[in-house]
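Read off the chains here:
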Amino acid sequence: PSWEAHTPEQRWALVYYVRHLTGVSEPVDPASIIHVPPETPKTPDGVVRGREIFAQACASCHGPLGKGDDGHQTMHVDNLGYPIKPRDLTAGIFKGSSESRDLYYRIVAGLPGSPMPSYADVYTDEQLWDLIHYVQSLVPPGVEDRIRLRAQHIRARRIRGEMPSEPTANAWHAAQPIFLAKSFIF
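Residues numbered from 1 in each chain as written. Predicted model: local features only at pLDDT ≥ 70, side-chain atom pairs only at ≥ 80, totals over all residues. Heavy atoms only, no water.

Asks: Describe the overall build of the protein, and please don't skip the residues or the numbers.
Replies: Within the protein, the secondary structure is distributed over seven helices and two strands. Per-residue burial for the protein yields a buried fraction of 25% across its 186 residues. Expressed as a percentage of contacts within the protein between residues at least 6 apart in sequence, the contacts between residues at least 24 apart total 59%. Element-wise, carbon and sulfur atoms account for 58% of the exposed surface of the protein, whose accessible area totals about 13,700 Å². (Helix = DSSP H or I, 4+ residues; strand = E, 2+ residues; numbered from the N terminus. Buried < 20%, exposed > 50% of the residue type's maximum accessible area, 1.4 Å probe, protein only. Contact = heavy atoms within 4.5 Å. Areas by Shrake-Rupley, 256 points an atom, 1.4 Å probe, with all protein chains shown as cover.)

Asks: Describe the layout of surface pockets, with residues and values.
Replies: For the second largest pocket, the calculated volume is near 340 Å³. In terms of lining residues, the second largest pocket is bounded by 13 residues, among which Ala156, Arg157, Ala171, Trp172 and Ala175 are the most central. (1 Å grid on protein atoms, 1.4 Å probe; cavity = no way out; pocket = protein on both sides within 12 Å on 5 of 7 lines; lining within 4 Å. Points joined across faces, edges and corners; volume = space filled by probe spheres on them.)

Asks: Lay out the nonpolar core in plain terms, naming residues and giving numbers.
Replies: Phe54, Tyr104, Leu128, Leu131 and Val135 are the most contacted members of the largest nonpolar core, which totals 24 residues. Counting only elements with at least two residues in this core, the list comes to helix H2 (44–57), helix H4 (100–109) and helix H5 (125–137). In terms of residue count, the dominant contributor to this core is H5 (six residues). Those residues in contact with Val135 that sit more than four places away from it in its chain are Phe54, Leu89, Phe94 and Leu103. (Core = buried A, V, L, I, M, F, W, Y, C linked by side-chain atoms within 4.5 Å.)

Asks: Help me get a handle on the environment of Tyr119, residues and values and all.
Replies: Looking at where Tyr119 falls in the secondary structure, it is placed in the loop between H4 and H5. Sequence separation between Tyr119 and Ala57 is 62 residues; the distance between their C-alpha atoms is 9.0 Å. With sequence-adjacent residues up to four places away left out, Tyr119 is seen in contact with Ala57, Ile107, Val108 and Leu128.

Asks: Describe in detail the pattern of salt bridges, supporting the description with residues and values.
Replies: Within this structure, the stated rule accounts for two salt bridges. As a salt-bridge pair, Glu126 and Arg49 come within 3.8 Å of each other at their nearest N and O atoms. One end of the pair, Glu126, is in helix H5; the other, Arg49, is in helix H2, and 77 residues separate them in sequence. Its relative accessible area of 35% is what places Arg49 among the partly exposed residues. Taken together, the shared-partner salt bridges in this structure form one network comprising Arg49, Glu126 and Asp130. (Salt bridge = Lys/Arg side-chain N within 4 Å of Asp/Glu carboxyl O.)

As C-alpha cells, then:
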C-alpha cells in the first residue's frame, strides 16, 4: 500500500524500525540517500528513446509490452528463492507510485531482495528520465486513480425504516456511488 497518508517523520520512524528488525542499528548514511535530479521534459522523441532502453534493459523480465510476461515464462525468484512475478507495468500498480520521482528511486536503487537491479551507473539522468516517461506511457489514462489505495470518506445517508435488501429498491438510487480499489494481498 501507499504510505503517503503518513508524515515524513512517521515514514522515517518506520524505516528505522524495519532496520532495527533486521539488526541494522546505525543511522542512515546521508551519502546513501538518492538525490533525484531535475526531471527533463517529456517529449515524443524521449519516449521513443525510453522504449529503446526498456527493450534493452527491462523487457527481458517485464515483457516487450510491459505486462509482466517475458514471453518465455521464465521463473523469477527473490533473494530467498521464492517465486516472484515481474510487475505488470500496464496495470497502474507500482511499488510507491507512478510519479516520476518514485520511479526514479525504483530504477536507480533497484528493489533489494528482488531480481530488479539498480541502474544507477548504467544510464545517464536524461536516459533514466526517458525510460521513466516511457514506463508512465504504458499505463492507460485513469487506471492508477481507480486502483490506487488512498484514504477515502464514505458518506451514508440516513433512511427511514428498514434497510432494503433488494438492490433495485428506490433507497439505493439516492446513494452517491463511490469507487473503492481492491486490496491485493500476496
